Amino acid sequence: MVDTSKGEGPDAGQPHSVKVVINVEDANEAPVFSVTYKIAALEENSPSGTWVEKVTAVDADCNRTSSFVYKVAHDPAGWVMVDPNTGDITTVTSTDRESPHVVNGVYTVLIHAVDDGVPPLTGTATLQIHMTDKNDNVPQPAEHNLDVCVSDGPTTTNITAFDLDGNPYGGPFTFELLGDVKGKWKLSPSHGYTAGLVKEPSVYAGPHTIDLKISDMQGEFGIYNLRVAVCDCSVTENCRARRNTTTRAAYGGIGVVFALVFLLLCKKLHQCLELVSVRTQTFLLLMAVTCSCKKDFVALETTGHSSGQTLLESNTENPGTDCEVTARKTVATNPVTCLHTSISNF
Ligand SMILES: [Ca+2]
Ligand SMILES: [Ca+2]
Ligand SMILES: [Ca+2]
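No experiment lies behind these values; they were computed from the predicted model shown.

A separate point is the coordination of the calcium ion (ligand 1). In this structure, E44 (OE), D96 (OD), E98 (OE), D136 (OD) and D136 (OD) serve as the protein donors to the calcium ion (ligand 1), at separations of 2.1 to 3.1 Å. Within one chain, the residues donating to the calcium ion (ligand 1) are spaced in sequence as E-x51-D-x1-E-x37-D. A separation of 3.9 Å is found between the calcium ion (ligand 1) and the calcium ion (ligand 2), which are bridged by E44. Highlighted residues: D96 in the loop between β9 (88-91) and β10 (106-115) and D136 in the loop between β11 (122-132) and β12 (140-141), separated in sequence by 40 residues. Taking the relative accessible area as the measure of exposure, D136 reaches 32% and is therefore partly exposed.

So this is what it looks like as structure tokens:
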């Protein structure tokens, strides 16, 4: 430092040097990773304890040695641990490339270096682990229930498959029907991501099952028992919609029969009349009527068909579904005139 004040005496007007000592206090700084973004490779299904990578950080505070530790900050599937002193990262369980936590084959981990300051400061490193694929999945059908239309000629229904493994451990697939299917079912095409299930005219309406083998490009395969519903598509294009409607009608019919039997038994046994009031009988009957007459509307599939026609989205009351409840006093003897006439195609 130079003093330029003029002062007095012989040295007046001459600059003076003054020595000043400044003590700089050490402020805490966060540990810093030598590489903040690392890429590693790991084979899926590697056993627990497999070494993955090593991270290194330094603390810029000169009087601090080994004053921080490494910690795992983000590990969504809980697959890794880090040595707090060395920064070595190892697996703690088997890993899976097909996990939902692996995005485009990459599993991301964040590692922190946390010092012992007050408050503690943290440095962060990102580790991207590229999972090496193994052929540990077999192809699967997208649907286990199929609808096929009755027709005078062969009809084709698509069967789509998928494989969780990536290339070359997935598709295109080879499809094969097992068992005695000659003259009934065949596949065309039988190779690709979607096969065509062809029903021959000799197969009639009703429930069927087929055994389907699907192989990936490496020959790994799965065998599946598919349920095939064959129905008349001239009425509705969805066999399951018909099946659901028929099932509800059947439950309604059972409800009516149960209520009638119960009430008739009570009439015959007069002591029941003392136990079961007219109000209770009426309630049971109305419950049965509700079960039998309430018919849920089932949405019809109106898109995705190549007929070029438009199917009107509506439900029409079937003949015979009108319900008529007579006067309350006479419900036990002539309870209801309500019957369903729904007929299953099966
Ligand atoms: Ca896997
Ligand atoms: Ca795999
Ligand atoms: Ca596979």
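Turning next to the coordination of the calcium ion (ligand 2). For the calcium ion (ligand 2), the protein coordination sphere consists of E44 (OE), E98 (OE), E98 (OE), D133 (OD), K134 (O), D136 (OD) and D165 (OD), at 2.3 to 2.8 Å. In primary sequence terms, the donor set of the calcium ion (ligand 2) follows E-x53-E-x34-D-K-x1-D-x28-D.

This part is about unusual backbone geometry. Put simply, V118 and P119 share a cis peptide bond, and its omega is -5°. By the element assignment, P119 lies in the loop between β10 and β11. A cis amide bond links G171 with the next residue in sequence, P172, at an omega value of 5°. Position of P172 relative to the elements: it lies in the loop between β14 (155-162) and β15 (173-178). In this model, N45 sits at a positive phi of 70°, which is unusual for a non-glycine residue. With respect to the helices and strands, N45 occurs in the loop between β4 (37-43) and β5 (51-54). We classify N45 as partly exposed; its relative accessible area is 36%. Although it is not a glycine, N104 sits at a positive phi angle of roughly 55°. With respect to the secondary-structure elements, N104 resides in the loop between β9 and β10.

Time to look at the sheet that holds β11. Across the sheet, four strands lie side by side as β4-β11-β10-β7; this open sheet has mixed pairing. Edge positions in the sheet fall to β4 and β7 (68-74), since each has one partner strand and no second. Strand-to-strand twist in this sheet, taken as the mean axis angle between neighbours without regard to direction, amounts to 30°. Note: β10 against β11, nine bridges, orientation antiparallel. Across the sheet, A113 pairs through a bridge with G123, a residue of β11.

What counts, and at which threshold
- Along every chain, residues carry numbers that run from 1 in the direction the sequence is written.
- By the order in which they are written, chains take letters starting at A while ligands take numbers starting at 1.
- A pLDDT threshold of at least 70 governs which residues receive local features in this predicted model, and a stricter bar of 80 or more applies before side-chain atom pairs are shown or counted, although totals over entire chains, interfaces and linings include all residues.
- The basis for every side-chain value is the complete set of heavy atoms in the structure, and neither hydrogens nor water enter the calculation.
- Coordinating donors are taken to be N, O and S atoms lying within 2.8 Å of the metal, or within 3.2 Å when the metal is Na, K or Ca; because water is excluded from the atom set, some sites may appear incomplete.
- The helix and strand labels rest on DSSP assignments: H or I over at least four residues marks a helix, E over at least two residues marks a strand, and numbering proceeds from the N terminus.
- Only protein chains enter the area calculation, which uses a 1.4 Å probe; residues under 20% of their type maximum are buried, those over 50% are exposed, and those in between are partly exposed.
- A strand pair is defined by DSSP finding two or more bridges across the two strands.
- For helices, the fitted line uses only the C-alpha atoms of the stretch in contact; every axis is such a line through C-alpha atoms, and the angle between N-to-C directions lies from 0 to 180 degrees.

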